[in-house]
Amino acid sequence: MEPYRIKVVEPIPVTTRQQREAALKRVNYNLFDLRAEEVTIDLLTDSGTGALSAAQLAAGMAGDESYSGSRSFYRFHETVTELTGYAHILPAHQGRAAERVLFTTLLERGNLVLSNTHFDTTRANVELNDAEARDLPCPEAKNLDSTDPFKGNIDLDALARTLSGPDGSRVAVVVMTITNNGGGGQPVSMENLKRTAALCRQHGVPLFLDAARFAENAWLVTRHEEGYRDRTPRQVAEEAFRLTDGCMMSAKKDGIVHIGGFIGTNDPELAQKCELLLIATEGFATYGGLAGRDLDMMAQGLTEVTEPSYLAERAEIASHLAHRVRAAGVDIVEPPGMHALYLNAGRLLPHIPPHHYPGHALACQLYLEGGIRSAELGSLYLGEEDEHGNPIKSAPYELVRLALPRRVYTRSHYDHVGETLAKIAKNTDQVYGFRITDQSPILRHFRATLEPVPVRG
Ligand SMILES: *Cc1c(COP(=O)(O)O)cnc(C)c1O
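- An unreviewed UniProt entry lists the protein under the name Tryptophanase, with Streptomyces violaceusniger given as the organism.
- Under the UniProt heading Sequence similarities (unreviewed entry), the entry covering the protein gives this text: "Belongs to the beta-eliminating lyase family."
- On record in UniProt, under Cofactor (unreviewed entry), the comment for the protein is "pyridoxal 5'-phosphate".

The structure is reproduced here in structure tokens:
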């Protein structure tokens, strides 16, 4: 059961099918353009959407808004130092701000960054510095149905080969994303992290964590990795940070705050350079673009997030939803992670070809049938067509992500999601494909407009 009770509630909008149909037409079938008030269950993202605890709100009320050296900063600094062990900690307003400050300082033109999988803003911030972001996911990650518990791992052979090969001298940093968001939210084992750290040390390359979901990764390690079953998630997390040279963190995930992030590093020279850029572009080094109250709430959230009862319930609710989804006859990327479930829309809707976006079709149907908002991760996101709509490139898989906000929805909300999917799965021949009517040159899934096209079942 949930290890908390509800003290403050927010009504959620309940709409009619007719209203939802009209809303979809009005936004030209782009779910980002819906007003949140038109959405009943919002599973678009788990970022910044969690519920604050009473203790976090209380800490926020006690926040110190001094421009420099605030009490809030010192509380934040002490908490993060104890958790991570890094010698230098810099607050930033969110993950991508931390990425920009770190990579602008660390990278030079032509550098190479290696990762189990770069998150999309991480990749963008590498490329904005004229460097190359290369993903080296482990081979098991390619099989969506495999239930291997650590499909978030980096491919150690490919890493060793790259570090000692002709590109080795270009590698400026290795980034391990925990859990592996771009790779289906799958965790990284401590064994894989240790061997990565050893390879990096051997080649004199720093290893950084992209630590947005460090607590969820730690929980899955305590569940599935030999030698860690009697450790607490907090102990696993502390060990993971200490195997690396630094981190960047989006606290909008496992910080359970609406806004916040930080950079950690053991390198004094790097810390000093980052601090100067932070002051010029984010804010003074003791607030980094945040209010004092944000720093206090982040410190409290970072403490709560490794509580075993909280993590056990979060894993439980994800597997509850996974169970409902499978029972509805819809396949997911196995095993279910903790922050999201990824529906295999390509397999559910084989009559819709990739360039008519089966993932988007399922996302629109989830909204139409149940007022549920999700995110397409398929060929609308990753594909490409010529000016006549003929496919040039399609995504490797046609997926839909149901992200799970922290402490927000209960089992009955997720039962509604399961029931809606069951209804859709029974009548897949009624699900239409789509055609793009207008799109932007980059990140098209955010701004594209579409229209339905009938496809033969
Ligand atoms: C969300 C996320 C980021 C970016 O953080 P923001 O707070 O959204 O800027 C970076 N890496 C990973 C793995 C993330 O999930």
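1. Concerning the pattern of salt bridges
And step 1. Per the counting criterion, the structure on display carries 34 salt bridges.
And step 2. For Asp254, the salt bridge identified is with Arg406, shortest N-O distance 3.2 Å. Highlighted residues: Asp254 in the loop between strand 7 (246-250) and strand 8 (261-265) and Arg406 in the loop between strand 14 (399-403) and helix 16 (411-426), separated in sequence by 152 residues. An identical accessibility class is assigned to Asp254 and Arg406; each is buried.
And step 3. Each of Asp46, Arg213, Glu216, Asp254, Arg314 and Arg406 takes part in a single network of salt bridges with overlapping partners.

2. Here we look at the sheet that holds strand 14
And step 1. Pairing is antiparallel across the open sheet formed by three strands, whose spatial order is 9-14-11. Each edge of the sheet is formed by a strand with only one pairing partner; in this case those strands are strand 9 (340-344) and strand 11 (375-377). Between one strand axis and the next, the sheet turns through 30° on average, direction left out of account.
And step 2. The sheet contact formed by strand 11 and strand 14 spans three bridges and is antiparallel. Paired with Leu377 across the strands is Leu399, a residue of strand 14.
And step 3. Relative to strand 14, helix 14 (residues 358-370) is tilted by about 40°, and along the sheet it contacts strand 9, strand 11 and strand 14.

3. Digging into helix 8 (residues 214-224)
And step 1. Across the 11 residues of helix 8, nine count as buried, placing the element largely inside the fold.
And step 2. Those residues of helix 8 that fall on the buried side of the exposure criterion are Phe214, Ala215, Glu216, Asn217, Ala218, Trp219, Leu220, Val221 and Thr222.
And step 3. Contact partners of the buried residues in helix 8: helix 3 (71-84), helix 7 (190-203), helix 9 (233-242), strand 7, helix 11 (292-304) and helix 12 (308-327).

4. A look at the packing of helix 8 against helix 12
And step 1. Running from N to C, helix 8 and helix 12 point in directions that differ by 85°, and their axes come no closer than 10 Å. Between helix 8 and helix 12, the interaxial angle falls into the category roughly perpendicular. Between helix 8 and helix 12, the residues in contact are Ala215, Glu216 and Trp219 and Pro308, Leu311, Ala312, Arg314 and Ala315, respectively.
And step 2. Classifying every residue of the contact of helix 8 with helix 12 gives six nonpolar, no polar and two charged.

5. Some thoughts on unusual backbone geometry
And step 1. The omega torsion across Ile178 and Thr179 is -25°, close enough to zero to call that bond cis.
And step 2. Examined against the element boundaries, Thr179 turns out to sit in the loop between strand 5 (171-177) and helix 7.
And step 3. Of note, the amide linkage connecting Glu334 to Pro335 takes the cis form, showing an omega dihedral of -15°.
And step 4. Tracing the chain through its elements places Pro335 in the loop between helix 12 and strand 9.
And step 5. Even without glycine at this site, Ile256 takes up a positive phi of about 45°.
And step 6. Among the secondary structure elements, Ile256 is positioned in the loop between strand 7 and strand 8.

What counts and how
Residues numbered from 1 in each chain as written. Predicted model: local features only at pLDDT ≥ 70, side-chain atom pairs only at ≥ 80, totals over all residues. Heavy atoms only, no water. UniProt positions renumbered as here; feature names shortened; annotations may be inferred. Salt bridge = Lys/Arg side-chain N within 4 Å of Asp/Glu carboxyl O. Helix = DSSP H or I, 4+ residues; strand = E, 2+ residues; numbered from the N terminus. Buried < 20%, exposed > 50% of the residue type's maximum accessible area, 1.4 Å probe, protein only. Pairing = 2+ DSSP bridges. Axes fitted to C-alpha atoms, helices over the stretch in contact; angles between N-to-C directions. Contact = heavy atoms within 4.5 Å. Parallel < 35°, antiparallel > 145°, perpendicular 65-115°, else oblique. Nonpolar A, V, L, I, M, F, W, Y, C, P; charged D, E, K, R; others polar.

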